[in-house]
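Summary of structural features
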Amino acid sequence: MMQAKKGIGNRLVPILLSFKPSSSSSSSPFSSLSVSMAVSSLQLNTKIVTMLLLFNLLRTDFSHFQLCSALGINYGQVADNLPSPEQVRGLLTSLRISKIRIYDVNPRVLAAFVGTGIELIVTVPNDAVALLADPRQALQWLTTNVRPFVPTTRITGIAVGNEVFTGDDPALMSNLVPAMLALHSALAELGLDASIHVSTANSLAVLATSYPPSMGAFKPELSGLMLPFLQFLAATGAPFWINAYPYFAYKDDPAAVSLDYVLANPNAGTVDPYTGLRYDNMLYAQVDAVAMAAARMGCGGVDVRVSETGWPSKGDADEVGATVENARAYNRNLLGQQMRGEGTPLRPEQRLEVYLFALFNEDMKPGPTSERNYGLFEPNGTMVYNVGLVGPRSSASISLTSSASKVLQGKGKEEGGRLWYWINIILIFSLTLKDFIS
């Protein structure tokens, strides 16, 4: 866009220089013609400049909208210092985030997102899965926790447990699919099965083989559990959710794993020797390995989506690569892929749905330092780093004030700014259209 403007500016210079008033009081027809042609040319170029400015204004605003509307994000709450759900709603709305995933069915969170249009995936905690294998309990759970909020709160998915198949509880694993079946039947009874899908989020550790992607296969010991799970997804049209973290592959073997490859920076990539498909980032390779593993079990049509992925901005001494610079690069590249609507090499025409982990740093999460430092924001609203969710004119932090007057004042300014923006758009377009018609 800048090159186009520069080119027009260069063409305007000789036109302006040729516009010289005659030193004689009686101009010749030729000089009058020259002036007339110069003015006409200047008007034409002015129209072009106006149209380009209009296009750039619309393009910039649309690009920001497209970027943020493509983004899903995980809103975890394992912390004692987080802003209220109402404040979080304001933050996500200002960033134009369109999809979030929460790890429970907190009624205050669900109530906070009434009327926002933001899609929510809610979660059945692992310790409730066995109970919901009973169809009566599944119906009761939905009637209590989901039905009161839809459709004004846009709940679109239920994650039954989290990383169940890679845990150490055989009873939990065996109850997972029965609970999913019971919940889906209860949703159908409530008339919600068409708008809310049921699945579970899996660790990448369900795979025995992930490289090359074409050789993706589930662990043999999980085959008895994985097949009915995949058949349920295929029958109901629900996605296979995978928690995929290229960071762990790099941390475990930084000498052998290319940092640019896991960050999705420009790199030579790798070619799958069996399919000939080229991969320039590890996340896409991991997703396609899951898709190939499902295909090996006769369920190749199941959609694979990323329920979690991210990069820590801080870690312990032995957590190689956990830095602000790497976290910014990984998540910025991820958002760029989302904005472009990219699919994986195996399914290039199907945009990969991704939920970034996470919205906030969570200070009460157990484990190494990295576990508490995946957030884009600190609990006070300060950005840990900017991945492009806010424009260059915005400050480096988002106010999360609870003052009703300040919230209303900010809302009024935002709406006023939007109104002024569109008034200018309409005026510019109308004047330009009039000039072109005349």
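Our subject is the structure listed above.
Everything quoted here is computed from the prediction, not taken from an experiment.

Glancing now at the overall build of the protein. Assigned secondary structure in the protein consists of 13 helices and 12 strands. Evaluated residue by residue, the protein yields a buried proportion of 43% over its 438 residues. Pairs at least 24 residues apart make up 70% of the contacts formed inside the protein by residues separated by at least 6 positions. With an accessible surface of roughly 21300 Å², the protein has 59% of that area assigned to carbon and sulfur atoms.

Our focus in this paragraph is the sheet that holds strand β2 (residues 99–101). In spatial order, the strands read β1-β2-β3-β4-β5-β8-β11-β12; together these 8 strands close into a barrel with parallel pairing. Looking at each pair of strands side by side, their axes are set apart by 25° on average, direction ignored. Alignment of strand β5 (residues 197–203) against strand β8 (residues 240–243), held across 3 bridges, turns out to be parallel. Across the sheet, residue S203 finds its bridge partner in β8, namely N243. Sitting on the sheet, helix α12 (residues 324–339) touches β11 (304–309) and β12 (354–356), and the angle it makes with β12 is about 150°.

The residue N243 is located in strand β8 in this model. Side chain to side chain, N243 and E163 meet in a polar contact 2.9 Å long. Side-chain polar atoms of N243 contact the backbone nitrogen of E308, separated by 3.5 Å. In contact with N243, other than residues within four places in its own chain, are R101, N162, E163, A201, N202, S203, L204, S307 and E308.

This part is about the side chain of S370. Topologically, S370 is positioned in the loop between β12 and α13 (404–437). The exposure class assigned to S370 is buried, which follows from its relative accessible area of 2%. Apart from the residues within four sequence positions on either side, S370 is in contact with Y247, P312, K314, G315 and E319.

Here helix α6 (residues 135–145) crosses helix α7 (residues 170–189) at 55°, and the two axes come no closer than 8 Å. The orientation of α6 relative to α7 falls into the category oblique. As α6 runs across α7, the sense of the crossing is right-handed. Contacts between α6 and α7 involve P135, A138, L139, W141 and L142 from the first element and A182, L183, A186, L187 and E189 from the second. Here the contact of α6 with α7 is built from residues that sort into 9 nonpolar, no polar and 1 charged.

The next point concerns the pattern of salt bridges. Side-chain pairs of opposite charge can arise where the charged atoms are in close proximity. Evaluated as defined, the whole model comprises 9 salt bridges. For R108, the salt bridge goes to E86, with nearest N and O atoms at 2.8 Å. Here the residue R108 occupies a position in helix α4 (residues 107–112), and E86 occupies one in helix α3 (residues 85–94), the gap between them amounting to 22 residues. Since its relative accessible area comes to 30%, E86 is described here as partly exposed. Between D303 and R305 there is a salt bridge whose closest N-O contact spans 2.7 Å. Three or more residues joined by partner-sharing salt bridges are found here, namely D303, R305 and E353.

Turning our eyes to something else, we now look at α12. Count 3.6 residues to each turn of an α-helix, and residues three or four apart come out pointing the same way. Over its 16 residues, α12 extends 22 Å from the first C-alpha to the last, a length consistent with the 22 Å expected when each residue adds 1.5 Å. Every buried residue belonging to α12 is among N326, A327, A329, Y330, N331, L334, L335, G336, Q337 and Q338, and all of these are buried.

Another aspect to go through is the nonpolar core. Formed by 103 residues in total, the largest nonpolar core has its most connected members in I100, F113, I158, V160, L183 and F240. Other than its neighbours up to four places away in sequence, I100 contacts I73, Y75, L92, F113, I118, E119, L120, I121 and Y355.

Counting buried positions over the 6 residues of strand β3 (residues 119–124) gives 5, a clear majority of the element. Direction of pairing for β2 relative to β3: parallel, over a ladder of 3 bridges. Paired with K99 across the strands is E119, a residue of β3. Assessed by its sense of winding, the connection that carries the chain from β2 through α4 to β3 is right-handed. As judged from the 6 bridges shared by β3 and strand β4 (residues 154–162), these two strands associate in the parallel manner. Counted as the bridge partner of I121 is G157 from β4.

Calculation criteria
- Per chain, the residues get numbers from 1 upward, laid out in the order the sequence is written.
- Two thresholds apply to this predicted model, a pLDDT of at least 70 for residue-level local features and 80 or more for giving and counting side-chain atom pairs, whereas whole-chain, interface and lining totals are computed over all residues.
- In computing side-chain values, all of the structure's heavy atoms are included and hydrogens and water are not.
- Starting at the N terminus, helices and strands are each numbered in turn, a helix being any DSSP run of H or I of at least four residues and a strand any DSSP run of E of at least two.
- Exposure classes here rest on a 1.4 Å probe applied to the protein chains alone. A residue is buried below 20% of its type maximum, exposed above 50%, and partly exposed in between.
- By the convention used here, residues are in contact when the closest approach between their heavy atoms is within 4.5 Å.
- Surface accessibility in these figures is a Shrake-Rupley result with a 1.4 Å probe; residues are shielded only by whichever protein chains are displayed.
- Following DSSP output, two strands are said to pair if at least two bridges run between them.
- Note on definitions: angles span 0 to 180 degrees between N-to-C directions of axes, and those axes are lines fitted to C-alpha atoms, for helices only across the stretch in contact.
- Polar contact is defined as a pair of N or O atoms within 3.5 Å, subject to the rule that within protein one atom must be able to donate a hydrogen and the other to accept it, and that residues adjacent in sequence are counted only when both atoms are side-chain atoms.
- In these notes the angle categories are as follows: under 35 degrees is roughly parallel, over 145 is roughly antiparallel, 65 to 115 is roughly perpendicular, and the rest is oblique.
- In this scheme, a crossing is called left-handed if the near helix is turned counterclockwise away from the far one by less than a right angle; it is called right-handed if the turn is clockwise.
- Only Asp, Glu, Lys and Arg are considered charged, only Ala, Val, Leu, Ile, Met, Phe, Trp, Tyr, Cys and Pro nonpolar, and every remaining residue, Gly among them, polar.
- Salt bridges, as used here, are contacts in which a Lys or Arg side-chain nitrogen is within 4 Å of a carboxyl oxygen on Asp or Glu.
- The length a helix should cover is 1.5 Å for every residue beyond the first.
- For our purposes a nonpolar core is just a set of buried Ala, Val, Leu, Ile, Met, Phe, Trp, Tyr and Cys residues, chained together by side-chain atoms within 4.5 Å.
- Here, the term right-handed applies to a crossover whose path from the first strand over the helix to the second runs clockwise when the strands point away from the viewer.

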